[in-house]
Amino acid sequence: ENMKAENKKFRTIHLSLEAIGIIFHYVPTLAIIKIVLAMISGAGTSCSFWFMQRLVDAVSRKILNGGTIEYIISAGIGFLITMLIPIICSSYVDGMIQIEMERKIGEKLSEDVIRKFMRIPYADFESMEFQDTLIQMSRNPDRMILKLFQNTIMAMRYFMILAGLTGIFLKAGVGIAVSFSVLFAPLIWLNFKTADMMNKIYNEQTIEQRKRDYLEQLLTEKDSLLELKIFGAVRFLEKKRKALVKEVLNRRIRVKVKAHNYYLIGNFLTFVWLFSILVFLCMSALEGSITLGVFAAVLTAMGEALDDSEALYMTLQKMRWGTNVVSHFLRFMRLEEEQDPSKSKEIKGDNCIRFENVSFTYPGSEHCILKNVSFEIKGGEHIALVGVNGAGKSTIIKLLCRLYRPQSGRIVVNGIDLQEFSQEQLQKLFSVVFQDYNRFYLTLRENVAAGALERKEDDESVRKALRMAGIENEKLLMELDLPLGKLEEQGIELSGGQWQRIAIARAYFTDSEFVILDEPTSALDPIAENAMYENIASILTQKSCIFISHRLASAKMADRILVLSKGQIQEEGSHAELMERGGIYADMYRMQSSWYENHGSERECDEENRKYI
């Protein structure tokens, strides 16, 4: 336990120094000024007690035996200057420096964090171990690191003041200085003990905190709250949230009560020290072994020492808490990044994609999703991927977009391994619409042109993409700079189907070689979906198109259908060929058709059909 405590102390010191290093990296000049001001402020506070002692002694000598007025004046000026220095350094000048540091750190560090997010491999975002770090990096780490830097500098300032005050205590006797040092050590230990207890409980409750945040999100966001109200589940989730909060708070309260007991021990030790020193000072002054100035300076310094000691304890606690963010930041910034190949290959040929014995297992899982999968997609060909849940359809799309890398085998485009293309080339190769597409609260123009912003002012192309996706609303087609969502007062909210059409328009507008549709029409009704795919098929005649749809009727429009089952391509061919073969696809199609006949509407059996996604 003692070794663990020592390691934590060294860890706090190490990470605090790391915070100083981070700040120096971004604003070296301001960091130096900040440290110098803190040291000057600390020195001024300590020196003020020395001048106080001299001033009181000078005045007492003048009263008793006619000391010089010049000595009183010089001691008084010194006392005033040393009193004013900390005020000037810690208020106006430090405040101005602080504002400038916050501005520059906020700009530079936040920019680096965002850039890092863009370079992190996709698989890291799905790692449960990395979730805490991702959460910390989304909560203004610049402010927390700057705060740790400030607390570290303040701790240095308090140590400097306390060292100076120990020198004042020496004037009254070695015993006072030694007793203060003896008192200071257990108080620091008690402070670290309480800080460790609180840190431990907060770290242990990380998962509970995430659960609570999620429940609060469900109870406050419009879409989830609407569904919860319809099903009458609001009270259930609120009760669940309250129970979780109660459990978290009860555990924290128990720890805080225990920590408070340590605080009481510290107060008792402080009271014993104060009483003993006060008796000693009074006896020494009456005996004449110390001057009136020393008596006044030491008596005042005792109060200052206790105040600064308490401030130091609180600052050290904040440092212990703040090191958590720095450790996450350092871990985050040291993550391996995706590197574009130094010399990317030039795309030539007929844009043929080929999977060559590709196998893949998700990180942290033992279940192999794809097993030696091989197939080819020729330029201009429209391919449908079908199969049951977990067959690997969306996994194929993620591998194509290089969100993951195969464990074995390779994916080639025109004979070139996919890993040899730059990220910029991949963006020109593939445009994707996922089922869980994003709703960007930007203008309609920016939403459509997000994948090709250099052409966002081409109104005709933007409108063409919207029409291709089935947007017929004249207001939307004419007002391309209309803000979407409710971030702005004049912004408009769209239906799920409209948002989905805009996502499809975005993929079309990108003008890539391959258009990938991973169930992009789930928010559309069957008639609209059929019309959408017919529209896409007629427009994308010169492009390859890969799409996944849970409604197998849409697969009939594909040139070729790939049927995945148990991690492999089990069947391949056109709709007519597969129906004639009477295999997996034919069974799936007939079962869906029977549902349509029995229920009279595809919409009614839509959820049942989802088992075949």
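The structure under discussion appears in the preceding block.
Residues numbered from 1 in each chain as written. Predicted model: local features only at pLDDT ≥ 70, side-chain atom pairs only at ≥ 80, totals over all residues. Heavy atoms only, no water.

(A) Up close: the overall build of the protein. What the protein contains, in helices and strands, is 22 helices and ten strands. For the protein, the accessible surface area stands at approximately 32100 Å², while carbon and sulfur atoms represent 57% of it. (Helix = DSSP H or I, 4+ residues; strand = E, 2+ residues; numbered from the N terminus. Areas by Shrake-Rupley, 256 points an atom, 1.4 Å probe, with all protein chains shown as cover.)

(B) Inspection of unusual backbone geometry at higher detail. Of note, Asn 414 is a non-glycine position whose phi angle comes to about 55 degrees, a positive value. By the secondary structure assignment, Asn 414 is in the loop between β4 (408–413) and β5 (416–417). We note that Lys 566 has phi near 55 degrees; this positive angle belongs to a residue other than glycine. Positionally, Lys 566 belongs in the loop between β9 (560–565) and β10 (568–573).

(C) Quick look at the pairing of strand β8 (residues 544–548). With five of its five residues buried, β8 lies for the most part within the structure. Bridging between strand β3 (residues 382–387) and β8 involves four bridges; their strand directions are parallel. Across the sheet, His 382 pairs through a bridge with Cys 545, a residue of β8. Across five bridges, strand β7 (residues 514–518) lies against β8 in parallel orientation. From the neighbouring strand, Leu 517 faces β8, where its bridge partner is Phe 547. (Buried < 20%, exposed > 50% of the residue type's maximum accessible area, 1.4 Å probe, protein only. Pairing = 2+ DSSP bridges.)

(D) Looking closely at the environment of Lys 193. Its place among the elements puts Lys 193 in helix α7 (residues 174–204). As for Lys 193 and Tyr 262, which are separated by 69 residues in sequence, their C-alpha atoms are 8.2 Å apart.

(E) Representation of the layout of surface pockets. In this structure, the largest pocket encloses a volume near 1700 Å³. Forming the boundary of the largest pocket are 44 residues, of which Tyr 122, Cys 401, Leu 403, Val 432 and Phe 434 lie nearest the centre. Residue assignment for the lining of the largest pocket shows that the elements contributing at least two residues are α3 (69–119), α4 (122–125), α12 (393–400), α13 (423–429), β6 (430–434) and α17 (496–509). The element contributing the most residues to the lining of the largest pocket is β6, with five residues. Considered class by class, the residues forming the lining of the largest pocket number 22 nonpolar, eleven polar and eleven charged. (1 Å grid on protein atoms, 1.4 Å probe; cavity = no way out; pocket = protein on both sides within 12 Å on 5 of 7 lines; lining within 4 Å. Points joined across faces, edges and corners; volume = space filled by probe spheres on them. Nonpolar A, V, L, I, M, F, W, Y, C, P; charged D, E, K, R; others polar.)

(F) View of the nonpolar core. Within the largest apolar cluster, 64 residues are counted, with the highest numbers of intra-cluster contacts made by Ile 23, Phe 149, Phe 169, Leu 281, Val 298 and Phe 329. Mapped onto this core, the elements with two or more residues apiece are α1 (2–26), α2 (28–65), α3, α5 (131–137), α6 (141–172), α7, α10 (234–287) and α11 (292–333). Residues within four places of Leu 281 in sequence aside, it is in contact with Ala 172, Ile 176, Ile 290, Phe 295, Val 298, Leu 299 and Met 302. Counting residues in each nonpolar core, the second largest holds 43 residues, with Ala 449, Ala 452, Leu 482 and Ile 502 among its members. (Core = buried A, V, L, I, M, F, W, Y, C linked by side-chain atoms within 4.5 Å. Contact = heavy atoms within 4.5 Å.)

(G) Layout of the sheet that holds β7. Strand order in the open sheet formed by six strands is β6-β7-β8-β3-β9-β10, and the pairing between neighbours is mixed. Across the chains shown, the open sheet's two edge strands, defined by having one partner strand only, are β6 and β10. Adjacent strand axes in the sheet meet at a mean angle of 15 degrees when their direction is disregarded. (Axes fitted to C-alpha atoms, helices over the stretch in contact; angles between N-to-C directions.)

(H) Up close: the packing of α10 against α11. Where α10 meets α11, the closest approach of the two axes is 10 Å, and the angle between their N-to-C directions is 170 degrees. When the axis of α10 is compared with that of α11, the two are roughly antiparallel. Contacts between α10 and α11 involve Tyr 263, Thr 270, Trp 273, Leu 274, Ile 277, Leu 278, Leu 281, Cys 282 and Ala 285 from the former and Phe 295, Val 298, Leu 299, Met 302, Leu 306 and Glu 310 from the latter. Of the residues assigned to the contact of α10 with α11, the class counts are 13 nonpolar, one polar and one charged. (Parallel < 35°, antiparallel > 145°, perpendicular 65-115°, else oblique.)

(I) How the structure looks around the sheet that holds β5. If you trace the four strands from one edge of the open sheet to the other, you get β2-β1-β4-β5, paired in antiparallel fashion. Lying at the two open borders of the sheet, with one neighbouring strand each, are β2 (368–377) and β5. Pairing geometry for β4 and β5, over two bridges, is antiparallel. When the sheet's bridge partners are listed, Val 412 is paired in β5 with Asp 417. In the packing of α12 onto the sheet, the strands contacted are β1 (353–361), β2 and β4, and the crossing angle to β1 comes to about 115 degrees.

(J) Region of interest: the packing of α2 against α11. Between α2 and α11, the least distance of the axes is 7 Å, while the angle of their chain directions is 150 degrees. Relative to α11, the element α2 lies roughly antiparallel. Seen from above, α2 lies across α11 with right-handed handedness. Contacts from Thr 45, Phe 49, Met 52, Gln 53, Val 56, Asp 57 and Ser 60 of α2 reach α11 at Leu 292, Gly 293, Val 294, Ala 296, Ala 297, Thr 300, Ala 301 and Glu 304. (Left-handed = near helix turned anticlockwise from the far one by under 90°.)

(K) Inspection of a nonpolar patch on the surface at higher detail. The grouping of Ile 265, Phe 268, Leu 269, Phe 271, Val 272, Phe 275, Val 279 and Met 283 at the surface amounts to a nonpolar patch, some 760 Å² of accessible area in total. By the element assignment, Val 279 lies in helix α10. (Patch = residues over 30% accessible without salt bridge, like charges linked within 9 Å, V, L, I, M, F, W, Y side chains within 5 Å. Salt bridge = Lys/Arg side-chain N within 4 Å of Asp/Glu carboxyl O.)

(L) Examining the packing of aromatic side chains more closely. Enumeration over the complete set of coordinates arrives at eleven aromatic pairs. Between Phe 430 and Phe 514 the ring centres are 5.4 Å apart and the planes differ by 35 degrees, which places this aromatic pair in the tilted class. Here Phe 430, found in strand β6, pairs with Phe 514, found in strand β7; they are 84 residues apart in sequence, far enough to count as distant. Seen from their ring centres, Tyr 585 and Tyr 589 are 6.2 Å apart, and the 25 degrees between their planes marks the pair as stacked. Of the two residues, Tyr 585 and Tyr 589 are both situated in helix α21 (residues 584–599); the distance of four residues between them amounts to about one turn of the helix. A relative accessible area of 16% places Tyr 589 in the buried class. (Phe/Tyr/Trp six-rings, centres within 6.5 Å; stacked < 30°, edge-to-face > 60°.)

(M) Structural detail: the pairing of β10. Of the strand pairs in this sheet, β9 and β10 are connected by five bridges, and their pairing is antiparallel. Each bridged residue has a counterpart across the sheet, and for Ser 565 the counterpart in β10 is Gln 568. A loop of two residues connects β9 with β10, the two strands running antiparallel in sequence, and Lys 566 in this loop sits at a positive phi of about 55 degrees.

(N) Examining α10 more closely. Here α10 contains 54 residues, and its C-alpha end-to-end distance of 77 Å stays within 8% of the 80 Å for a straight helix at 1.5 Å per residue. Just downstream of α10 lies Gly 288, where phi reads positive at about 85 degrees. (Expected span 1.5 Å × (residues − 1).)

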